[in-house]
Amino acid sequence: MLKIPTLNTERLVLKGVTMEDVPSYSGYFVDYDVIRFLSAEVPWPYPENGVRDYIEHVLLPQQGKDRWAWGIFLKEQPDQLIGCIDLWREGKPEHRGFWLAKPFWGRGIMTEANFPVIDVAFNELGFERLVFANALGNIASRRIKEKTGCELIGLKATAFVDPLLKESEIWELSKENWLRFKNR
Ligand SMILES: CC(C)(COP(=O)(O)OP(=O)(O)OC[C@H]1O[C@@H](n2cnc3c(N)ncnc32)[C@H](O)[C@@H]1OP(=O)(O)O)[C@@H](O)C(=O)NCCC(=O)NCCS
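Note on numbering: residues in each chain are counted from 1, in written sequence order. In view of the model being predicted, local features appear only for residues whose pLDDT reaches at least 70, and side-chain atom pairs are presented and counted only at 80 or more, with totals across whole chains, interfaces and linings using the full set of residues. Computation of side-chain values covers all heavy atoms of the structure but excludes hydrogens and water.

**A word on the site of the ligand**
- Residues are labelled near a given molecule or strand when at least one of their non-hydrogen atoms is within 4 Å of it. Close contacts around the ligand come from 23 residues, with Gly 106, Gly 108, Thr 111, Arg 143 and Lys 147 the closest.
- Between the ligand and the protein, one listed contact pairs an oxygen atom with a backbone N or O atom of Leu 100 at 2.8 Å.
- Between the ligand and the protein, one listed contact pairs an oxygen atom with a backbone N or O atom of Arg 107 at 3.4 Å.
- The Shrake-Rupley method, run with a 1.4 Å probe sphere, supplies the accessible areas, and residue values consider only the shown protein chains as cover. If the ligand stood free it would expose 930 Å²; the protein chains cover 73% of that surface.
- The way it works is a 1 Å grid over only the protein atoms, where trapped points that fit a 1.4 Å probe form a cavity and open points with protein on both sides within 12 Å along at least five of seven lines form a pocket, and then any residue with an atom within 4 Å of a point lines it. Assignment to a cavity or pocket requires that more than half of a molecule's atoms be within 2 Å of the site's grid points. Of all the cavities here, the one that holds the ligand is the largest pocket.
- Secondary structure elements with two or more residues in the shell around the ligand: helix 2 (32-35), strand 5 (96-100), helix 4 (109-123), strand 6 (129-135) and helix 5 (139-146). N or O atoms closer than or at 3.5 Å make up a polar contact, with two conditions inside protein: a donor-capable atom paired with an acceptor-capable one, and, for residues adjacent in sequence, both atoms drawn from side chains. In this description a helix means any DSSP run of H or I spanning at least four residues, a strand means any run of E spanning at least two, and both kinds are numbered starting from the N terminus.

Quick look at the structure:
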């Protein structure tokens, strides 16, 4: 059984990514404006069939074991994956990544998606502390940390797909601070 819970928010359903999502995932993810902010481990130009290979050979073998990758779906458009948010056990130092298709930016979707995922991390997956990261200059990603009670703990030299980005902001969120933030 796949151990990844389906999560509902006001506008969204978050479901474990499957091979059925390859077409919509590829259609939205392979966009330099999305990928430029990701780690330089992500190839650019993006290879043909890269999303299929990644989901089949990297993501699904880890899914629900040491990694939890949710596809983001609008309730009004439930068959089309428009983004992804994933958690992994081993910090790199960060434990989370996310991306959203460009046509859906700026509507609060990723902020909304993050709340139930952080709840699952602390309440079901046993994390006591989460570390997050974003490229210095990735204002939208930074705001999401600020709007979910995270604390900025430092900067780290990091290579991104966009060679002009050279540093990450590193953030921390403890379970205790999350509960305090949610009940504020
Ligand atoms: C980062 C990303 C997921 C944000 O998703 P989103 O759903 O548009 O974010 P939200 O709408 O929840 O916005 C979060 C905050 O950022 C702000 N914001 C969004 N886009 C912005 C932009 N281009 N410039 C400045 N602020 C921005 C929003 O106004 C909001 O802050 P506010 O509530 O104070 O107004 C999306 O831009 C994306 O996929 N970017 C490319 C991939 C990426 O950067 N992934 C993260 C790597 S760490």
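**What about the UniProt feature "domain: N-acetyltransferase" (unreviewed entry) in the chain?**
- Those places that UniProt annotates as "domain: N-acetyltransferase" (unreviewed entry) correspond, in this numbering, to residues 17-180.
- As annotated, residues 17-180 has a helix share of 33% and a strand share of 29%, and its two end C-alpha atoms lie 31 Å apart. UniProt positions are given in the numbering used here, feature names are shortened, and annotations may be inferred rather than shown by experiment.

**Quick word on the packing of helix 4 against helix 6 (residues 175-182)**
- Every axis in this analysis is a line fitted to C-alpha atoms, fitted for helices over the stretch in contact. Angles between the N-to-C directions lie between 0 and 180 degrees. The contact between helix 4 and helix 6 brings their axes to 11 Å, and the two run at 135°. Considering the angle they form, helix 4 stands oblique to helix 6. When the axes of helix 4 and helix 6 are compared, the crossing they make is left-handed. When helix 4 is examined against helix 6, the residues Phe 115, Ile 118, Asp 119, Phe 122 and Asn 123 are found in contact with a partner set consisting of Lys 175, Trp 178, Phe 181 and Lys 182.
- A breakdown of the residues in the contact of helix 4 with helix 6 according to their chemical character gives five nonpolar, one polar and three charged. Angle categories are assigned with fixed cut-offs, so that under 35 degrees is roughly parallel, over 145 is roughly antiparallel, 65 to 115 is roughly perpendicular, and the rest are oblique. By definition, any crossing whose near helix is turned counterclockwise from its far helix by less than a right angle is left-handed, and any crossing with a clockwise turn is right-handed. Between two residues, a contact is recorded if the distance between any of their heavy atoms is within 4.5 Å. Each residue is assigned to one class: nonpolar for Ala, Val, Leu, Ile, Met, Phe, Trp, Tyr, Cys and Pro, charged for Asp, Glu, Lys and Arg, and polar for all the others, Gly among them.

**Let's talk about the side chain of Ser 168**
- Along the polypeptide, Ser 168 turns up in strand 8 (residues 167-174).
- Three labels apply to residues, based on accessible area from a 1.4 Å probe with only protein chains included: buried if under 20% of the type maximum, exposed if over 50%, partly exposed otherwise in between. The class of Ser 168 is buried, set by a relative accessible area of 4%.
- At a separation of 2.3 Å, a polar atom in the side chain of Ser 168 contacts the side chain of Thr 158.
- If sequence neighbours within four positions are ignored, Ser 168 has contacts with Ala 133, Asn 134, Ala 135, Leu 136, Gly 154, Leu 155, Lys 156, Thr 158 and Phe 160.

**A look at the sheet that holds strand 6**
- One open sheet holds the three strands; their spatial order is 6-8-7, and the pairing between them is antiparallel. This sheet does not close on itself; its edge strands, each paired only once, are strand 6 and strand 7 (151-157). Geometrically, the sheet is characterised by an average inter-axis angle of 25° between neighbouring strands, direction not taken into account.
- Think of it this way: DSSP has to see at least two bridges between two strands before they count as a pair. Summarising the sheet, strand 7 and strand 8 pair through six bridges and their orientation is antiparallel. Within the sheet, the bridge partner assigned to Gly 154 lies in strand 8 and is Ile 170.
- Relative to strand 6, helix 4 is tilted by about 145°, and along the sheet it contacts strand 6 and strand 8.
- Sitting on the sheet, helix 6 is in contact with strand 7 and strand 8, with an inclination near 75° to strand 8.

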